[in-house]
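Secondary and tertiary structure notes
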There are 2 protein chains.
Amino acid sequence: MTTTTTGDDVLVFPPIWLRDNCPCEHCRDPRNGQKLFGITDLPADLTVRGTEVSADTITVTFGPDGHRGPFSRAWLDAQLSASSGDGRTEAGKRLWQAQDLDGRLPAADWAAYRDDPAERARVLSAVRDLGFALLHGTPTEEETVLAIARTFGYPRETNYGTLFDVRVEPDPSNLAFTGMRIAPHTDNPYRDPVPTLQLLHCLANAADGGDSGLVDGFTAASLLRAEDEEAFRILSTTLVPFAWYDAGTSLRADRPLIDVDPEGHLREVRFNNRSMQALRLDPAATTAFYAAYRRFAEIIARPELLLTFRLDPGDCVIFDNTRLLHARTAFAESGARHLQGCYADLDALTSTLRTLEGTA
Amino acid sequence: MTTTTTGDDVLVFPPIWLRDNCPCEHCRDPRNGQKLFGITDLPADLTVRGTEVSADTITVTFGPDGHRGPFSRAWLDAQLSASSGDGRTEAGKRLWQAQDLDGRLPAADWAAYRDDPAERARVLSAVRDLGFALLHGTPTEEETVLAIARTFGYPRETNYGTLFDVRVEPDPSNLAFTGMRIAPHTDNPYRDPVPTLQLLHCLANAADGGDSGLVDGFTAASLLRAEDEEAFRILSTTLVPFAWYDAGTSLRADRPLIDVDPEGHLREVRFNNRSMQALRLDPAATTAFYAAYRRFAEIIARPELLLTFRLDPGDCVIFDNTRLLHARTAFAESGARHLQGCYADLDALTSTLRTLEGTA
C-alpha cells in the first residue's frame, strides 16, 4: 500500500477533526469502535503540538492537554479522497431507461442466490444500483416472500400486515386488490417513514393481462430537471398531502413528490395520485404545481421509460420504493392471479451487501 | 354548520384542482375513496363551465368534457383555511424546556391507558406534541415492551432484534450495554429510515444511578437558529456520515444533524458522536462545521434543557427518536438494572391517535 501522508501532511487536517477521530483506546471503546466522548468533552482550543512518524502510523500529540493519538497513515490517506456517500441518492445509482435493461434484467436463480454469497451480492447490488432485481424459481408456497426478505433484512409490518395478498377481493380496501390497470406509482406515500423496499412474490398468474412494469423515478426526475428546471423546483419544494384511511387507520404524510438532499441530489420520489389529497395553496401556486405535476407525469408515462415483464409463479421482484414506480396491466378478475408482497428497508439490505462485499 | 361557499366562490379554486379532487363515483372508488385516474388522464384545458348550488352541495360542470362533480360546500369551505400539516415538524409540536414539564410529566397508568380510549388518546397526543409519554404500572414481565408498542403500532425489527435488552453485558456491542453514563443522543443515526419511535420498559432498576434524561432536540435546534443562524445553516445542510458495524452488520447513513423540510420547518434531529464518522470536507468547511457542532452541543448540554426522572420497574417511556435526545446517568455495573427496548414508527402512532380522536 502506498502512503503519502507525512508528519507535515497531517497538518492539512484541522486539529478538532483529528481529535474527534482519534483512534486511541481512551477515545474509542476497543470492544465496539464507538467514541467514548462528546464534542464538548474536547478542549475548544485544540492544537497539534507535534507528530512522530513511523512506517504505518503518525502519532499526533495534541495541545493543550498532551493527548496522543496514533493515526494509521493508510486511513489518513483515504480521508483525502472524496466520500463515496451512503449510496442512497442518485449519486450512488445507475439510472436507466427500458432499453438499457430489455433482455438483460438483473436476475438470479433462487438456489444460487440462497447458496452463493457472490450471487447474493450481485442481486443486492442490483437493487442498490438499478433499484430492483428478480429472483426466479423460488418456492411457490405462501409466506415465501417473508423468507426472501429475511435473506437480507426484516419485513416491515404495517396496517396491511407483515405480508399482504395482492389478488381480487370482493370489498377491496385498495385498488391493488381489484383487476384494474394500475399506472406507475410508488407505494404508501402517506406513510412516514415510507417503506423503502417492496417485494412482490408470484404464486399464480394465469390471468389474461396482469403484466408488471417498472419505471426509474430518478431517471424521470432527472429528465424533468433537465427539461424544466422550474417544474423540478416546484415539485421538490411543495409539500403534498397524502392520506389513506379505513375504519381503524388514518395515515397522513406531507412530503414533496421529489425529495432532494441538502446537496441537491435526488433522494426519494413519491408518485401516487390515488392517495394524493387536496393541496391548500393559493390559486397561482396551485396552477403552477399542477402544470409541473402534469409535466412530471408525462415524462413518467413515456413508453421508453417503462420496463415490462411478466411475473411467473416462483418469481419475486425486489424493488426500491423510494425510487422505482411499479405498475401492472389490467387483468380479468375471474383469472387466477395471486401475489404476496411485503415491505422492508434499504438500510438492512445495503448493510448485508456491504458485509458480503467485505467493505464493512 | 356555516357554509360560505357559493357558486361563484368555487371559482377561486383552479379548475384542475377541482377536477383532481372531484368526489364523484367515477373519479373515486366508492369502496375505498382512492382516485381512479392519474393526472394525465385529465384534460389539459379544463374549465368550469357552470355551477349548480343546493343547500349543501355545489355541482360543477367542467369543460371541455362536460364531466360533473358534486362538491360538498362544507368540504370546500374547509379547503380555504390553511392546512394543519401532518404534525411531523415543529409546526405541529409544543417545544419544551425542563421547567415546563417538571412535576407534570405526561403520564398515565397502564390499566387506564389500556382500557380507556380517551386516556390512550391523551398519552399518544403527548408523544406527538411533546415527543414522549410515560406509562406506569405496566407488567414487569419480559416482552411487555412489544405488547405496549402493539397498542398503537408495530415494532420495527432491526439487527438488534425485535426487542433489545439494555443491561450490562460482558462483551458489549454498544456502549448502551455497559454501566457508563450516556450523554443525550438520538438512537441509530446510521439507519435510514431512522426508527422514529423508541420504547424503553423498566424491568429492574436497583442500581445506584441509572437515572433517565430527555432533551427536546427541536428546542435545542430552535435556540441554535435564534442564536447563531449560520451555525444552524451549516448543520442543516452538511451531510454527516454515521456508521455502525459488527461481524454481520455494516450500517451507514449520511444525513444532516438537523433536517428541515422544504418550508424550513424542523423535521429530524440526529445527534450521536459515538457513531459519527470522519467528515470529508475541505479544512475551512471542517472547521466551520465543528464550530457549529460544538455550539449545538453546548445548547443541548444546558441544564435547563435536561428533564430527568427515574424509571421504576413497570415504567415505560415512549419517545420520538426524530426529536428527543435521551440520556442516562452512570450506574454501578454490579447493580441490577434491566430495561427492554424496541423501536417503532410514528406514522402508525399518529394514525391510531387520529382514529381515536375521530379526525380520520
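First things first, this report covers the structure right here in the doc. Note that the structure is a prediction, hence the values are computed from the model and not measured.

What counts, and where the lines are drawn
Residues numbered from 1 in each chain as written. Chains lettered and ligands numbered in written order. Predicted model: local features only at pLDDT ≥ 70, side-chain atom pairs only at ≥ 80, totals over all residues. Heavy atoms only, no water. Helix = DSSP H or I, 4+ residues; strand = E, 2+ residues; numbered from the N terminus. Buried < 20%, exposed > 50% of the residue type's maximum accessible area, 1.4 Å probe, protein only. Contact = heavy atoms within 4.5 Å. Lys, Arg positive; Asp, Glu negative; His and termini not counted. Charge placed at Lys NZ, Arg CZ, Asp CG, Glu CD. Least-squares fit on C-alpha atoms with pLDDT ≥ 70 in both. Polar contact = N/O pair within 3.5 Å; in protein donor to acceptor, adjacent residues only side chain to side chain. Salt bridge = Lys/Arg side-chain N within 4 Å of Asp/Glu carboxyl O. Axes fitted to C-alpha atoms, helices over the stretch in contact; angles between N-to-C directions. Parallel < 35°, antiparallel > 145°, perpendicular 65-115°, else oblique. Left-handed = near helix turned anticlockwise from the far one by under 90°. Nonpolar A, V, L, I, M, F, W, Y, C, P; charged D, E, K, R; others polar. Pairing = 2+ DSSP bridges. Core = buried A, V, L, I, M, F, W, Y, C linked by side-chain atoms within 4.5 Å. Buried area = accessible area lost by both parts, 1.4 Å probe. Phe/Tyr/Trp six-rings, centres within 6.5 Å; stacked < 30°, edge-to-face > 60°. Lys NZ or Arg CZ within 6 Å of the ring centre and 35° of its normal.

**Here's the deal with the overall build of chain A**
In terms of regular secondary structure, chain A is built from 10 helices and 17 strands. Principal-axis analysis of the C-alpha atoms gives chain A an extent of 80 × 55 × 45 Å. Buried residues in chain A amount to 59% of all 360 residues. Residue pairs at least 24 apart in sequence account for 75% of intrachain contacts in chain A once pairs closer than 6 positions are excluded. Across chain A, the 36 positively charged side chains and the 52 negatively charged ones have centroids separated by 1 Å.

**Observations concerning the relation of the copies chain A and chain B**
The two copies are related by a screw operation: chain A maps onto chain B through 180° of rotation and 0.0 Å of translation along the axis, at an RMSD of 0.0 Å. Given the turn and translation reported, the copies of this chain are related as if by a two-fold rotation axis. Taken as a fraction of all interface residues of chain A, those also at the interface in chain B reach 100%, which identifies the copy contact as same-surface.

**With respect to helix α8 (residues 229-237) of chain B**
Within α8(B), burial applies to B:Ala231, B:Phe232, B:Ile234, B:Leu235 and B:Ser236. Residues of α8(B) that are buried in the fold lie against α7 (217-227), β12 (258-260), β13 (266-269) and α9 (283-300) of chain B.

**Thoughts on helix α7 (residues 217-227) of chain A**
Residues and elements named next belong to chain A. Burial of α7 is extensive: eight of the 11 residues sit out of reach of the surface. Among the residues of α7, Gly217, Phe218, Thr219, Ala220, Ala221, Ser222, Leu223 and Leu224 are the ones counted as buried. Buried residues along α7 sit against β9 (212-216), α8 (229-237), β12 (258-260), β13 (266-269), α9 (283-300) and β16 (324-328). You can read the cap of α7 off the contacts: a side-chain oxygen lies 2.9 Å from the backbone nitrogen of Phe218, and it is on Asp216.

**Quick word on the pattern of salt bridges**
Counted according to the given criterion, the structure contains 44 salt bridges over all chains. Among the ionic pairs, A:Asp65 bridges to A:Arg19, the shortest N-O distance being 2.6 Å. With A:Asp65 in the loop between β2 (57-63) and β3 (68-72) and A:Arg19 in helix α1 (residues 15-20), this residue pair connects regions lying 46 residues apart in the sequence. Of the charged contacts, one joins B:Arg156 and B:Asp345 as a salt bridge, the two residues approaching to 2.8 Å between their closest N and O atoms. Of this pair, B:Arg156 sits in the loop between α6 (144-149) and β6 (164-166) while B:Asp345 is found in the loop between β17 (337-344) and α10 (346-357), placing the two residues 189 residues apart along the sequence. What makes B:Asp345 buried here is its relative accessible area of 6%.

**Some thoughts on the packing of α7(B) against α9(B)**
Residues and elements named next belong to chain B. Relative to each other, α7 and α9 sit at 125°, their axes nearing to 9 Å. With respect to their mutual orientation, α7 and α9 come out oblique. Judged by the sense of rotation from one axis to the other, the crossing of α7 with α9 is right-handed. In this structure, α7 contributes Ala220, Ala221, Leu223, Leu224 and Glu227 to the contact, and α9 contributes Arg295, Phe296, Ile299 and Ile300. Residue composition of the contact of α7 with α9, grouped by class: seven nonpolar, no polar and two charged.

**A short note on the sheet that holds strand β7 (residues 182-185) of chain A**
All names here are of chain A. Across the sheet, four strands lie side by side as β7-β16-β9-β14; this open sheet has antiparallel pairing. Edge positions in the sheet fall to β7 and β14 (307-309), since each has one partner strand and no second. Between one strand axis and the next, the sheet turns through 15° on average, direction left out of account. Relative to β14, β9 is paired through three bridges, and the arrangement is antiparallel. If you follow Ser212 over to β14, its bridge partner there is Phe309. Each of β9 and β16 is contacted by α7, which is oriented at about 40° to β9, the strand it contacts most.

**Here we look at the nonpolar core**
The biggest cluster of nonpolar side chains holds 97 residues, and the ones touching the most others in it are A:Leu199, A:Leu235, A:Phe289 and A:Phe296. It is α9(A) that provides the largest number of residues to this core, a total of eight residues. Apart from the residues within four sequence positions on either side, A:Leu199 is in contact with A:Val145, A:Ile148, A:Ala149, A:Phe152, A:Cys316, A:Val317, A:Ile318, A:Gln340, A:Gly341, A:Cys342 and A:Ala344. Core analysis: the next-biggest nonpolar cluster, separate from the first, contains 96 residues, A:Trp17, A:Val60, B:Ala220 and B:Leu353 among them.

**A few points about the pairing of strand β8 (residues 197-205) of chain A**
Residue and element names in this part refer to chain A. Of all nine residues that make up β8, eight are buried, and the element is covered over most of its length. Relative to strand β17 (residues 337-344), β8 is paired through eight bridges, and the arrangement is antiparallel. When the sheet's bridge partners are listed, Asn205 is paired in β17 with Arg337. With five bridges joining them, β8 and strand β15 (residues 316-320) adopt antiparallel strand pairing.

**Re the interface of chain A and chain B**
At the interface, 88 residues of chain A touch 88 residues of chain B. Carbon and sulfur atoms make up 49% of the area that chain A and chain B hide from each other, which totals about 7700 Å². When the buried surface of chain A facing chain B is broken down by residue, A:Gln34, A:Arg280 and A:Arg294 rank first, second and third, together holding 10% of it. At the junction of chain A and chain B, the tally comes to six salt bridges.

**With respect to the packing of aromatic side chains**
A full pass over the atoms with the stated rule returns 26 aromatic pairs over all chains. An angle of 35° between the planes, with centres 5.6 Å apart, marks the rings of B:Phe289 and B:Tyr293 as tilted. Of this pair, B:Phe289 and B:Tyr293 both sit in helix α9, four residues apart, which is roughly one turn of the helix. Taken together, A:Phe271, A:Phe289, A:Tyr290, A:Tyr293 and A:Phe296 form an aromatic cluster joined through their ring pairs. Geometry around A:Phe62 places A:Arg19 over its ring, the cationic atom sitting 5.2 Å from the centre.

By themselves these figures say nothing about function.
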